[in-house]
Amino acid sequence: VRAVNGISRHLVSTYVETAIRPHVAGNFADMLVAVVGSPMMIFYLDQHRSMGPNSPTAQRRDRGLNENLARELLELHTLGVDGAYTQTDVREFAELLTGITANAQRGAFFRVQQAEPGSETVLGVTYGGGEESLDHVIAALRDLALKPDTARHLARKLAVHFVSPDPDDGMIDDMAQAYLAGQGDLTGMYNALLAHAAAWEPELRKV
């Protein structure tokens, strides 16, 4: 994220300290939930403007869906741009995320009147169907965090950052397996990176 207006410039450090830093040595799903619930991320990707097309608020204000947060969660934060998802998944996920909003007075909160009624199916799993709730969103985020595509995407990002722009496939496999075995434990992934011989090759590939 980056500050783009007067409100958000005061939220960047809070975002780092409350959504990212507490979870760096913890569980990735917890970080993902914290990020989606951060006012900084909500404002940055215009999630506060997203409304279910059939929600009471959208019907009254003639507004609609914004897919920014859903798309970035799938492309950048979890499965990766080559992950096994479709445009239909993006739209259904965006509809599931409606209701997540924020303002300067309350921070982040869930507004039922803004949420798309009914259930949504993301990657073959159906969420909601009863009363609209943040619990359905959290369930989807926790499921996304444990997808094999997510494990490999995170492993590659870490390996590229710390070891090489073209990391060893075996190291990526070990890191992803450690992550999934630990149910999203990030420290296990770090340990797998540090334990792999490819991380200690004498040829220095990072400048």
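About the cut-offs
- Residues numbered from 1 in each chain as written.
- Predicted model: local features only at pLDDT ≥ 70, side-chain atom pairs only at ≥ 80, totals over all residues.
- Heavy atoms only, no water.
- Helix = DSSP H or I, 4+ residues; strand = E, 2+ residues; numbered from the N terminus.
- Rg over C-alpha atoms; globule rule 2.2 N^0.38 Å.
- Contact = heavy atoms within 4.5 Å.
- Areas by Shrake-Rupley, 256 points an atom, 1.4 Å probe, with all protein chains shown as cover.
- Lys, Arg positive; Asp, Glu negative; His and termini not counted.
- Charge placed at Lys NZ, Arg CZ, Asp CG, Glu CD.
- Polar contact = N/O pair within 3.5 Å; in protein donor to acceptor, adjacent residues only side chain to side chain.

Could you give me a rundown of the overall build of the protein chain, with the residues and numbers involved?
Counting secondary structure elements, the protein chain contains 10 helices and four strands. A compact globule built from 207 residues would reach a C-alpha radius of gyration of about 17 Å, and the protein chain, at 18 Å, matches this within 12%. Referenced to the eigenvectors of the C-alpha coordinate spread, the extents of the protein chain come out at roughly 65 × 40 × 25 Å. For the protein chain, restricting intrachain contacts to residue pairs at least 6 apart in sequence, the fraction spanning at least 24 positions comes to 60%. Accessible surface, the protein chain as shown: approximately 10600 Å² in total, 52% of it carbon and sulfur. Within the protein chain, the 26 negative side-chain charges are centred at a point lying 10 Å from the centre of the 18 positive side-chain charges.

Run through the side chain of Thr-78, naming residues and quoting values.
One can find Thr-78 in the loop between α5 (68–77) and α6 (87–97). Polar contacts involving the side chain of Thr-78 include one to the main-chain carbonyl oxygen of Leu-73, which spans 2.6 Å. Sequence-distant contacts of Thr-78, defined by excluding residues within four places in its chain, comprise Phe-28, Leu-32, Leu-73, Leu-144, Asp-149, Thr-150 and His-153.

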